[in-house]
Every structure is written in structure tokens, then in C-alpha cells.
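# Summary of the model geometry
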Amino acid sequence: MAESANTTGRYIVLLRHGRTEDGIRDLQRITGASIVKSENTTDRQYTTLELNCAIVFDHIGAALIRCEVAAGNAIQTASQQAQSNILMIEPERSVRAIAIPSNLPAGTAQGDSDAQATWGVRACGVDHSDYTGKGIRLAVLDTGLDVQHQDFAQRQIESRSFVSGAQVQDENGHGTHCAGIAAGILKPVAGPRYGVAGQAQLYIGKVLGNDGSGGDGSVLDGIDWAVGEGCEIISLSLGSPAKEGDSYSQIFEEVAKRALAAGTLIIAAAGNESQRPDYIAPVSHPANCPSIVAVAAIDEHMAVAPFSSGGVQNDGGQVDIAAPGVDVLSSWPSPENYNTISGTSMATPFVAGVAALFAQSDPAARGSILRDRIVQNARPLPLPQRDVGRGLVQAPGHPAAVNGQGMGS
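Let us look at the structure shown here.

What counts as what
Residues numbered from 1 in each chain as written. Predicted model: local features only at pLDDT ≥ 70, side-chain atom pairs only at ≥ 80, totals over all residues. Heavy atoms only, no water. Salt bridge = Lys/Arg side-chain N within 4 Å of Asp/Glu carboxyl O. Helix = DSSP H or I, 4+ residues; strand = E, 2+ residues; numbered from the N terminus. Buried < 20%, exposed > 50% of the residue type's maximum accessible area, 1.4 Å probe, protein only. Expected span 1.5 Å × (residues − 1). Phe/Tyr/Trp six-rings, centres within 6.5 Å; stacked < 30°, edge-to-face > 60°. Axes fitted to C-alpha atoms, helices over the stretch in contact; angles between N-to-C directions. Parallel < 35°, antiparallel > 145°, perpendicular 65-115°, else oblique. Left-handed = near helix turned anticlockwise from the far one by under 90°. Contact = heavy atoms within 4.5 Å. Nonpolar A, V, L, I, M, F, W, Y, C, P; charged D, E, K, R; others polar. Pairing = 2+ DSSP bridges.

Applying the stated criterion to the full structure yields eleven salt bridges. Between E232 and R366 there is a salt bridge; the shortest N-O distance is 3.9 Å. Pair noted here: E232 is in the loop between helix 5 (216–228) and strand 12 (233–236) and R366 is in the loop between helix 7 (344–361) and helix 8 (368–376), with a separation of 134 residues, a long-range link. Using a relative accessible area of 12% as the deciding quantity, one classes E232 as buried. Of the charged contacts, one joins K257 and E253 as a salt bridge, the two residues approaching to 4.0 Å between their closest N and O atoms. Placement of the pair is K257 and E253 together in helix 6 (residues 250–261), with a separation of four residues, close to one helical turn. By relative accessible area, K257 is classed as partly exposed at 43%. By relative accessible area, E253 is classed as buried at 5%. Three or more residues are tied together by salt bridges with common partners; here these are R19, D22 and R25.

Written out as C-alpha cells, the structure reads:
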């Protein structure tokens, strides 16, 4: 199995859907491992099985393999056999938080100082929507959250850490910023409104370390948890750069399909590798999977961000939709409490938050239906679909609108 500098030396595995137990037995047979309880199992409402060299995520039918290469090769051979319960194996990719510093002073955002809501909230029509995300479970899988933040401290939040030896507390800032955009409260303690779905039920999964890095395994662990908890939406502001000609992960694509079937929509950042106008980078992993909503970034003038990756691949890797991603104000760990940064990382939770509004507006809008609702209601932009997909994400307006599909202004 070919590996690159962007892989960890470990492997992720896809098990046959509905045959997880049989897949576990096959992994035991190949690796010679015995089943033990995961150290996180007691904290969860579902069972994660940990072998001596494998962690199995049973809701999505995937596993992380930590054995030596010989075991990985044996699993590869097994996956090629007819009727095998092990469908495929891939090298685990390294992933990172996708954000860049803003040119603005910390804690400020252009044009927001005297406004009741940030430019991003207004651009998406969220300030004119009567929906708040109430009753919708929204998972933000990132570097965690500043759980003592003044805008979150009094809120009931479900949280788990999937990073060994690390607490959910965010020592990086990226996760707190993304959670604030997706579901910050309607009236922050200080400054303008910066959050979209202020009454959504937040699920915070720490899948990246405090240095902003992680691997596919922790991301899959977080997705498995969110699906098991019945989250309607998962926001992933993380990724691994893709090269031109790279194919998307077949395992993440199948996991995304299984999540959709369970009523969970995964939304991910397109990536920040472009240097426009000279170079447009391909959409990053895992956003390049067709069943994951890939989000590009635009600025306040409705121009595509110079760093935003584009849909330059023929097979997968398309941009589905765009959202505010330049000079975005949101929550930040204390003592700053607020910060302005840029990236497709910031655009992604805008789409996740709007998804929560659509999910609240129509109980039938789940999974693929929710994805279609978001994309079909985007505001067209005079830019290539390669760069912004169907356009700027827009919130549903008022309950009187048909199916909750009224456009925000």
C-alpha cells in the first residue's frame, strides 16, 4: 500500500455494512488480537471495541488499524477476497485545522463594530430568519471548546475528546471559533451576533490536538459518536491537502453515505491551498468526497477568497456551496474571548448552522434531503461553479414560507 508524507503509518478500514461483528472477528483472526473495552467506552452511549491494534467504530462500520505493516498487508489481502467482511483499507491521512490569520486586529471585523450582527451572519440572511436551530443536534468536530467561555458557560453542551490524553478544553482556539459561528448565542456578552443556530444542541468532539493536528482515525471516531448520538449535522473544519489527480477516500465516501442514510449530513472545508489567481488547488480530503458538502470561502464583497480551493478534479472534489470565510469574527478562548480569522474553516460552520435552521424548519429535511435543501436555496453568485458551487448559502426566512424554504435577505 502506497504511503506519502501526509500519512501516519496507520490504516483505516471499512467493514461490510451490517456485518460489523463478523468484520471484527476477521480483524481478530488476521491480527491475533483480543477485544478489550475502549478507555472512552464508559463515557459513551454506544460501544467502541478496541483490539490490541485496532479500534472499531460500530455505527459507521469502520476501524483504525495501529498494527505493523505486515498486518496491514494481510488486511489488504483479505479485503480483496470475495464476500469478505473487510471491504477496503487505506493509509490514515494526517489532517489539520484549516484557518489562516486575518489582517485585521484581533477581536475586530471590518464593518461589524456598529452592527447588530457580523457581516457573515447578515450575508447569509440569518438575521432575518425566524429559525434558531432549536431541537437540532449539531456536532462540531475540531480542537474542542473553551467550556468556560462567557457565551457558552451557561449552555448545556455534550462533549467528548477523541484525542488521547487531551481534554475537550480548547487550547488552540480554532474549535471555539468554529463552534461560535455554527451555534453561538443570539446575544453575545460583548460585540455583535456572530453565531447562526443559537439554540441548536451543540455536540463538541475534540478530534484535533491543541496543536491543530490529528488523523483520520480520530475524525472517524468523532463521526461515529455524532451518528450514534443522532446528530443531524456534522461540521468538519479540517482536512488534508489533495494533489491534482488524487482520488477521494473511498472509505470516507462510504462512511458519508452511511451517515446520510442514518440522517446525518457531513459538511467540510474545501481547503486553503489556493494562491489565486495564479494557482487553484484541488478540494481537500475529506471534503472532496461526493457525499460530503464541500464549502468554499468568499469575502464581504462576494469575491472568492484567494486561498479557497476549487473544483478542479473530474472525479469528485467539486465545490458545493460558498459561505463567509474572510475576516470572520467569532468566539475565542479567554482572555481574548473573541477573534477574527479567515479560512474555509470559517465558511464551513456557517453552512452547518444554516443546515440546522433548515432542519428545524422541516422535520423531513434530513440526510440527502437536507443537503439538497441547502444547495438549492443558495444565492447565485456571478462566479464559476468551480469556485463557489451553487452560490452563497442562505438561511430559511420565516415559518410561513413553503417547507421553510424562504430565502433570507
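The next subject is helix 7. Counted at 1.5 Å a residue, the expected span for helix 7 with its 18 residues is 26 Å, and the 26 Å between its end C-alpha atoms agrees. For helix 7, the buried fraction is high: 17 of the 18 residues fall into the buried class.

Moving on, we get to the packing of aromatic side chains. Inspection of every chain in the model, using the stated rule, returns three aromatic pairs. With centroids separated by 5.9 Å and ring planes inclined at 65°, the aromatic side chains of Y194 and Y338 adopt a geometry described as edge-to-face. Residue Y194 is located in the loop between helix 4 (174–183) and strand 10 (201–206), and its partner Y338 is located in strand 18 (residues 338–342); the two are separated by 144 residues in the primary sequence. Note on accessibility: Y194 and Y338 belong to one class, buried. Taken together, the aromatic side chains of F162, Y203 and W225 make up a single cluster linked through ring pairs.

Glancing now at the packing of helix 7 against helix 8. Two numbers describe how helix 7 lies on helix 8: the axes approach to 10 Å, and their chain directions differ by 110°. As far as their axial angle goes, helix 8 and helix 7 are roughly perpendicular. The interaxial crossing formed by helix 7 with helix 8 has right-handed handedness. When helix 7 is examined against helix 8, the residues V351, A355, F358 and A359 are found in contact with a partner set consisting of L370, R373 and I374. The residue makeup of the contact of helix 7 with helix 8, split by class, is six nonpolar, no polar and one charged.

So, on to the sheet that holds strand 9 (residues 158–161). Strand order in this open sheet of seven strands is 9-10-8-12-14-15-16, and the pairing throughout is parallel. Looking at which strands have only one partner, the edges of the open sheet turn out to be strand 9 and strand 16 (321–324). Taken pair by pair, the neighbouring strands of this sheet meet at an average axis angle of 25°, ignoring direction. Two elements, strand 14 (residues 265–269) and strand 15 (residues 293–298), share three bridges in a ladder whose sense is parallel. What sits directly across from A268, in strand 15, is A294. Helix 4 rests against strand 8 (137–142) and strand 10 of the sheet, and its axis sits at about 160° to strand 8.

So, to be careful, I would describe these as geometric facts and stop short of saying anything about function.
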